[in-house]
2 protein chains.
Amino acid sequence: MNVYLDYQSAKPVDPRVIEAMQPYFHEQFGNPSSLHMTGDQATRVLNQCRQKIADFIQAERDEIIFTSGATESNNQALIGLALRNREKGNHIIISEIEHISIHNIAKFLERNGFTVSKVPVDQYGQVNPDKLQQRITEKTILVSIGHANNEIGTIQPVREIGEICQQKNIVFHSDAVAAEGLIPLHVKRDHIDLMTLSSNDIYGPRGLGVLYKRKGVSLNPLIIGGGQENGLRSGSENMPTIVGMAKAVDIMQKQMPGEVEKLKKFRDRLIKGVLEKIPQSYLNGHQIKRLPNNAHFRFEGIEGEALLLSLKDKGIDVATGSACSSKTLEPSHTLISLGLLHEEAHGSLELTCGRFNQEEDIKTLLKELPGVVAKLRQLSPLYQQEDQS
Amino acid sequence: MNVYLDYQSAKPVDPRVIEAMQPYFHEQFGNPSSLHMTGDQATRVLNQCRQKIADFIQAERDEIIFTSGATESNNQALIGLALRNREKGNHIIISEIEHISIHNIAKFLERNGFTVSKVPVDQYGQVNPDKLQQRITEKTILVSIGHANNEIGTIQPVREIGEICQQKNIVFHSDAVAAEGLIPLHVKRDHIDLMTLSSNDIYGPRGLGVLYKRKGVSLNPLIIGGGQENGLRSGSENMPTIVGMAKAVDIMQKQMPGEVEKLKKFRDRLIKGVLEKIPQSYLNGHQIKRLPNNAHFRFEGIEGEALLLSLKDKGIDVATGSACSSKTLEPSHTLISLGLLHEEAHGSLELTCGRFNQEEDIKTLLKELPGVVAKLRQLSPLYQQEDQS
C-alpha cells in the first residue's frame, strides 16, 4: 500500500458514503421527473438531500443547483452570470491565483467581449481587499475569488471581499472546493452570491458538484434541455451521487472539528520536519492563514517533477503544481504569482493530507524525503551547496 | 414490489455493473491527471474503458468524449459544432420529434443567429430522407436526427440520412440514447459524425454520457477548465462511472441478441393484448420500424395523466409523454407531430420494458389496464361509447 499525500487532486470516497449510495443504483433508481411511485420516491430523497447540503453552507434549499462537478459549477457561475448581465457591464475581476478553470473561463469571456482584471496577491498568496477595491469600475458585474487556494492552501479574506462586493452591488462568486470540509463555509455571513462546491472534496463521489446561487441572482443556463434544477441545469438528476454527497455532508458535520485538529497536527509535523531536516527548503503560502491539510515547499536546485518521480519509486504519492495542469509541465501560475522565479516554482512539492492518513504516512515521508532531495541535488547542475565551495 | 414499465425514463443499474464500480470509489480512486502511482492506475483503466466503449459503436478510442450525460452530449454536439463552424453557415436541421433537449438547444441557437429547419415526420414518426434533402441549403452545417424516438419508439432511416449528409459534406449528429442496447450502432457504416450515448440507458450508472466525435470534426468546448478529454470537456474524469459504463457495454455485447428477443416478445404481447382487450385503443408509432421494448398507445376519451395515476394506485409504473416534460402537462410534441389532435395526444400511454421485467409484469399490466380504462371512461364527459347510444 502506498502513502497517499495528494488529497487535493482526488479523495477516496468514504466507505459510509459508498454504503449510503448502494440502494440508489438498483432498487431506488427512479427519475424524479416521473410521476409514478418510483419517481415520487426519488423526488422525496432529492428534496431531503438538497436541504442537507444547503444547511452545510447556511443556504436555503432552493439555492442549491446540482451540477456534474466543480468545473461545471465554475463555468455555470461565470459564463452564466456574464452572458445574462452583459447589458449591466462587461468587466470581471478574478485573482491571479484562481484555479485553472477560472483562468480559462476568463479567457473565453475575454474573447467574447468582456474585460478581465486580475488582482495580484502578496508573497503569501493573499488578496489585499484594497487592491481589489481599486480595480472595481462602473462596468464591474462579477468578482470571482476562491475561498482558499488549491495549491499553496492560502485562505482569502472572504468576508471582507464579500462586504466590498455587497456595497458596490457586484455579484461575488467563490470557488470553495479547496476549503470545503477544512474551514466552515457560511454564504450569508460572508456575503457570497455564488459558490462552487464539489462532492469528492468532502469524500463524496465524483461526478457531482453544487453551485450555490443566492435568491435574486440571475444566470443563463449552460446546459439546456428538459428544464431540471429550475431550468438552470438540464439532465436527469444523478441520484446515487446526490445521496452520497448528502451523506458526506452528514459525516463532515459530525466529525469536522476533530478531523481538522488531526490534519493540523500532521501538517505542522510535515512543515517542521521538512524545514528542519532539509537545508535550503522553504514553505510556500501563508504561515497562519493556511488550510489545515496543506504543506507546500520549494527546494533549491531541484525539479519538482524529478522529486515526484523519485518519491513515486518509494511508493509515496505527492504533487507538484495542481493536478489539472500537472501534465503540461508549465510552472504553476500560482507560484509565479507569489513572485517566485521559474526555477524556484519548478522546485516545488505539494503535500495534502486527508481523512485516511495515518501518523505512519507522515513518518514515512519525513524519513524518505531528505535522502531523495540530497540525491537529486547531487545530480543537479543547478545546485551548488554553499559548503561545497 | 411494483411493476415497472417505464424503462425509457430511468433504468436500474445492473448489479454486475455496481460490483465492477466498487473498487474505484475508495481503493483505486486516483485522478488520471496525477503523475504518481495512484494516478497512473487511473490512466490505464481510463484507456481500457474508452477502448471498450469505442468498440461498442465501431469507433476509435480517441473518438470517445466522456460527458456528464446525454443532455450534456447533445449540448456539446449542437452548440459546440454551431459556434465553431459559424463562418461556414448558420443553418441547422432537426426533426420535429427530437428529444426536448435538442428542441431547446435549437431555440438557443435561433436566439444566437442560427436558423433551424424542422423536418416533419409521417404518421408513424418516420423522417422521409427526401424531405430532409429538400431542406438542405448552402448554409446547412448540421443535421441532428435521433436514431430512434424516445417516446413512440420509431426507428429512423439513419444510414440513408448519413449518406445524404456525407454527400453534401454536412455534419450528422444522432442522439442514440433511445436506441442503444436495443439496436446495433455502427457510426462508420451509418456515416454518423457525432453521436450521443448515455451510460444509464445500457444499465450503467447515471451521471455519465458519451459524445462520439469522428476524427476531423471540430467543436468548441462547452465546459472549460483543466483541458481533460483533449480540451473538449474539462473536469476530473468520473472513474467509477466510466468503469461502470464499460462493464455495462461488456454485458450488453454478450447478451444483447437474447435480451432483444425477450423484449420483443413482451412488447408484442403488450401490443396484441391491449389492442384486443380494450376497444378504441390504437398503437402510436411504426409497426415494424419500432424499438423492441416500446409499446405506445392512445385511448379515446381518457387523459394519460389520469391513467398513469390510476395505474400508480395499482402499483404499476408507466409514462405518458417523455419523463423530461412529464411535469409540464403539455401534450407531447412528438405525438402532435404525428398529426394527432391535442385530446388524442393527451390520452396516451407509454410502456417500455427492460432487462429486469418478468412475464408476470406483462400479465399484471394486461390484467389491470382494461378495467382502469373502462372506469376512467365511465367518469369521462369526453367519452361516449357507440353502444351506449
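Residues numbered from 1 in each chain as written. Chains lettered and ligands numbered in written order. Predicted model: local features only at pLDDT ≥ 70, side-chain atom pairs only at ≥ 80, totals over all residues. Heavy atoms only, no water.

## Focus on the relation of the copies chain B and chain A
What counts here: A least-squares fit on C-alpha atoms brings the copies together, and the residues used are those whose pLDDT is at least 70 in both copies. Working rule for contacts: check all heavy atoms of both residues, and any pair within 4.5 Å makes them a contact.
Superposing chain B onto chain A takes a rotation of 180 degrees plus a shift of 0.0 Å along the axis, which leaves an RMSD of 0.0 Å. Put plainly, the chains are arranged around a two-fold axis. In this assembly, 100% of the residues forming the interface of chain B have copies in chain A that are likewise at the interface, indicating an isologous arrangement.

## Considering the sheet that holds strand E12 (residues 348-352) of chain A
All names here are of chain A. Here is the rule we go by: Two strands qualify as a pair provided DSSP detects at least 2 bridges between them. A helix here means a DSSP run of H or I that spans at least four residues, while a strand means a run of E at least two residues long, and both kinds are numbered starting from the N terminus. To define axes, lines are fitted to C-alpha atoms, for helices over the stretch in contact only, and angles between the resulting N-to-C directions are given on a 0 to 180 degree scale.
The three strands lie next to each other as E9-E10-E12, forming an open sheet whose pairing is antiparallel. Either end of the sheet is taken by a strand with one partner, and the two such strands are strand E9 (281-283) and E12. For this sheet the average axis-to-axis angle between neighbouring strands, irrespective of direction, equals 25 degrees. When strand E10 (residues 294-299) meets E12, the two strands line up antiparallel, connected through five bridges. The partner of Arg298 across the bridge, within E12, is Ser348. In this fold helix H7 (residues 239-277) packs onto E9, E10 and E12, with an angle of close to 15 degrees to the strand it touches most, E10.

## Details of the interface of chain B and chain A
Going by this rule: Buried area, as used here, totals the accessible surface that two parts lose on assembly, with accessibility defined by a 1.4 Å probe and the loss added over both. Salt-bridge detection follows one rule: a side-chain nitrogen of Lys or Arg within 4 Å of a carboxyl oxygen of Asp or Glu. Distance and chemistry together define a polar contact, namely a pair of N or O atoms within 3.5 Å, with one atom able to donate a hydrogen and the other to accept it when in protein, and with adjacent residues in sequence counting only for side-chain atoms on both sides. Asp, Glu, Lys and Arg are counted as charged, while Ala, Val, Leu, Ile, Met, Phe, Trp, Tyr, Cys and Pro are counted as nonpolar; the rest, among them Gly, fall into the polar class.
Facing the 62 residues of chain B at the interface are 62 residues of chain A. Of the roughly 5,100 Å² buried where chain B meets chain A, counting both sides, 61% is carbon and sulfur surface. Where chain B touches chain A, the interface holds two salt bridges. Here chain B is connected to chain A by 27 residue pairs in polar contact (both at pLDDT 80 or more). Broken down by secondary-structure element, the contributors of at least two residues to the side of chain B that touches chain A are helix H1 (15-21), helix H2 (23-26), helix H3 (37-56), helix H4 (70-84), helix H5 (100-111) and helix H9 (304-313) of chain B. Looking at side-chain class alone, the side of chain B that touches chain A contains 25 nonpolar, 26 polar and 11 charged residues.

## What about the packing of aromatic side chains?
Operational definition: Think of it this way: a Phe, Tyr or Trp ring, Trp meaning its six-membered ring, pairs with another when their centres are within 6.5 Å, and the plane angle makes it stacked under 30 degrees, edge-to-face over 60, tilted otherwise. Exposure classes here rest on a 1.4 Å probe applied to the protein chains alone. A residue is buried below 20% of its type maximum, exposed above 50%, and partly exposed in between.
Under the criterion given, the structure shown has 11 aromatic pairs over all chains. When the centroid spacing of 4.7 Å and the interplanar angle of 80 degrees are considered together, the rings of Phe29 of chain A and Tyr4 of chain B count as edge-to-face. Taken together, the residues span two chains, with Phe29 of chain A in the loop between helix H1 (15-21) and helix H2 (37-56) and Tyr4 of chain B in strand E1 (residues 3-4). With relative accessibility at 8%, the residue Tyr4 of chain B sits in the buried group.

## Observations regarding helix H6 (residues 158-168) of chain A
Residue and element names in this part refer to chain A. Using the following cut-off: The arc in question is the one traced by the directions running from the helix axis out to the C-beta atoms.
Those residues of H6 that fall on the buried side of the exposure criterion are Val158, Ile161, Gly162, Ile164 and Cys165. The arc that holds every buried residue of H6, seen down its axis, measures 160 degrees, which confines them to one face. Among the exposed residues of H6, those pointing more than 90 degrees away from its buried face are Gln166 and Gln167. At its buried positions, H6 is contacted by helix H5 (129-135), strand E5 (140-144) and strand E6 (171-175). Positive backbone phi, approximately 60 degrees, marks Asn169, located one or two places after H6.

## Some remarks on the packing of helix H8 (residues 304-313) of chain A against helix H11 (residues 359-379) of chain A
Residue and element names in this part refer to chain A. Convention followed: Between 65 and 115 degrees an angle is taken as roughly perpendicular, under 35 as roughly parallel, over 145 as roughly antiparallel, and anywhere else as oblique. Each crossing is labelled by how the near helix is turned from the far one, with a counterclockwise turn of less than a right angle marking it left-handed and a clockwise turn marking it right-handed.
Across the interface, H8 lies against H11 with an axial gap of 10 Å and an inter-helix angle of 130 degrees. Between H8 and H11, the interaxial angle falls into the category oblique. Here the hand of the crossing between H8 and H11 comes out right-handed. Contact residues: H8 offers Ala306, Leu307, Ser310 and Leu311, while H11 offers Leu369, Val372, Val373 and Leu376. Considered class by class, the residues forming the contact of H8 with H11 number seven nonpolar, one polar and no charged.

Just geometry here; none of it tells us what the structure is for.
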